[in-house]
Amino acid sequence: MSRCAAPLTFAMLCCACGGAELTVLESPEGLEDESVELSLDADESYARAKVGDDNSIQPVFFIPRDKTLSLAERRTLRRAFRDVVEWYRRELGTQTLNIAPFRVVNGAYTAAVYRSSAAPGGIWALAPTEIRTALGFSPWDSGHSAVVFGVGLLGWAGGDGNGSSGMAVVGVESLLRQGECFGEWWCSGDMWRGTVIHEMGHMLTLPHNTHPEGIMFFHGDYTNKRLIEHPYREKTKVKGTVFDIASP
Ligand SMILES: [Zn+2]
């Protein structure tokens, strides 16, 4: 199914690949309240696909059972994610990523469990099953993928993919709750955006490289970072995935 990506140089890291089976899930919530969805439509102008559409990238608010995510925080995160999508649009030119509207997945475990690689396996192992229960598909089903924004995951970040499926996971605190990561080098909104871009890069099959301007080398100062076409062919690789589509 998946291979572990090389970990980002972060405090808490990918990956706990494979393995753990999750058997009990309570009250999965795949859809947000309709009125909320309507009021936030303007923030999701980048969304091209419906939930569950083949070849779409599904952004997910992942909320452990001991955490919440306010409407204001969801709005802030949607807008920041739009910056990520725009970054890819800038790099890909006439092509663009096929993004679905955000959905909520309520996790059955606490944030501490998802941060840990110990049994039952942490976010990397647990999220695909919980996403399938809530939304009807796994990020590892062919033609699907998910970018998982996990409340309480702090500096956790990881991503992996094979060109037709994949998953990226990033904590939300560096964007939304900097009081919870104060003093950490990664605790800023710009670093959060660069991290999401970088982990989505892994999800879109890109490995690390050594180019000083490359987002896959280092994710800081993200607006000045690029997908490096020569010699790494990063744009070509992203365009070779099923998630890249022609712009209208
Ligand atoms: Zn990485």
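Residues numbered from 1 in each chain as written. Predicted model: local features only at pLDDT ≥ 70, side-chain atom pairs only at ≥ 80, totals over all residues.

K.L.:
Help me out: how do you make sense of the overall build of the protein in this one?
P.N.:
Counting its secondary structure elements, the protein contains seven helices and eight strands. By the burial criterion, 46% of the 248 residues in the protein qualify as buried. Looking at the protein alone, contacts between residues at least 24 apart form 69% of all its contacts between residues at least 6 apart. (Helix = DSSP H or I, 4+ residues; strand = E, 2+ residues; numbered from the N terminus. Buried ≥ 20, exposed ≤ 12 C-beta atoms within 10 Å, placed from the backbone. Contact = placed C-beta atoms within 7 Å.)

K.L.:
Would you mind showing me how to read helix α6 (residues 189-203) here?
P.N.:
Three or four residues apart is the spacing at which side chains of an α-helix point the same way, because the helix has 3.6 residues per turn. Spanning 15 residues, α6 covers 21 Å between terminal C-alpha atoms, matching the ideal 21 Å at 1.5 Å per step. Across the 15 residues that make up α6, a large majority, 13, are buried. Taken from the residues just after α6, T205 is the one with a positive phi, measuring 85°. (Expected span 1.5 Å × (residues − 1).)

K.L.:
I would appreciate a short explanation of the pairing of strand β2 (residues 56-63) in the present structure.
P.N.:
Every other side chain in a regular strand lies on the same face of the sheet, so the side chains alternate between the two faces. With eight of eight residues buried, β2 lies mostly within the body of the structure. Burial of β2 is two-sided: the residues S56, Q58, V60 and F62 facing one way and the residues I57, P59, F61 and I63 facing the other way are all buried. For β2 and strand β4 (residues 103-106), the ladder comprises four bridges, and the chain directions are parallel. Bridge pairing in β4 links F61 to V104. (Pairing = 2+ DSSP bridges.)

K.L.:
Which parts of the structure should I look at to understand unusual backbone geometry?
P.N.:
With the exception of glycine, the majority of residues adopt a negative phi angle, and the majority of peptide bonds are in the trans configuration. The omega torsion across A119 and P120 is 10°, close enough to zero to call that bond cis. Checked against the element boundaries, P120 lands in the loop between α3 (111-115) and α4 (122-135). Of note, L154 is a non-glycine position whose phi angle comes to about 55°, a positive value. Here L154 lies in the loop between β5 (144-150) and β6 (156-161).

K.L.:
When you look at the pairing of β5 in this model, what are you seeing that I'm missing?
P.N.:
A large share of β5 lies buried, amounting to seven of its seven residues. Going residue by residue along β5, you find H144, A146, V148 and G150 tucked away on one face and S145, V147 and F149 tucked away on the opposite face as well. Where β2 lies against β5, seven bridges are found, and the strand directions are parallel. What sits directly across from V60, in β5, is V148.

K.L.:
I would appreciate a short explanation of the packing of helix α2 (residues 71-92) against α6 in the present structure.
P.N.:
Helix-helix packing is described using two parameters, namely the angle between the two axes and the distance between the axes. Contact geometry of α2 with α6 gives a least axis separation of 9 Å together with a crossing angle of 50°. When the axis of α2 is compared with that of α6, the two are oblique. Of the two elements, α2 crosses α6, and the hand of that crossing is right-handed. Touching A80, F81, D83, V84 and W87 of α2 are G189, W192, R193, V196 and I197, all from α6. Across the contact of α2 with α6, the residue classes tally to seven nonpolar, one polar and two charged. (Axes fitted to C-alpha atoms, helices over the stretch in contact; angles between N-to-C directions. Parallel < 35°, antiparallel > 145°, perpendicular 65-115°, else oblique. Left-handed = near helix turned anticlockwise from the far one by under 90°. Nonpolar A, V, L, I, M, F, W, Y, C, P; charged D, E, K, R; others polar.)

K.L.:
What should I look at first to understand the nonpolar core in this one?
P.N.:
In summary, soluble globular proteins display a tendency toward joint burial of nonpolar side chains. Ranked by size, the top nonpolar core spans 63 residues in total, and within it V60, F62, A127, V147, V148, F149 and V169 carry the most contacts. With eight residues, α4 is the single largest residue contributor to this core. The residues touching V60, leaving out its near neighbours within four places in the chain, are R103, V105, I131, A146, V147, V148 and F149. (Core = buried A, V, L, I, M, F, W, Y, C linked by C-beta atoms within 7 Å.)

K.L.:
What am I meant to see in α2 here?
P.N.:
Helix length check: α2 (22 residues) gives 31 Å between terminal C-alpha atoms against 32 Å at 1.5 Å per residue, within 8%. Among the residues of α2, those classed as buried are R74, L77, R78, F81, V84, V85, W87 and Y88. Projected down its long axis, α2 shows its buried positions confined to an angular sector of 165°, all on one face. The outward face of α2, more than 90 degrees from its buried face, is lined by the exposed residues A72, R79, E86 and R90. Lining the buried residues of α2 we find β2, β3 (95-97), β5, α5 (173-176) and α6. Note on α2: the residue one or two positions beyond its end, G93, has a positive phi of about 70°. (Arc of directions from axis to C-beta.)

K.L.:
It is not clear to me how the environment of E213 should be interpreted in this structure. Could you clarify?
P.N.:
Mapped onto the secondary structure, E213 falls in the loop between α6 and α7 (234-239). A count of 12 C-beta atoms within 10 Å places E213 in the exposed class. The spatial distance from the C-alpha of E213 to the C-alpha of N224 is 7.3 Å, given a sequence separation of 11 residues. What E213 contacts, discounting residues up to four positions off in sequence, is K225, R226 and I228.

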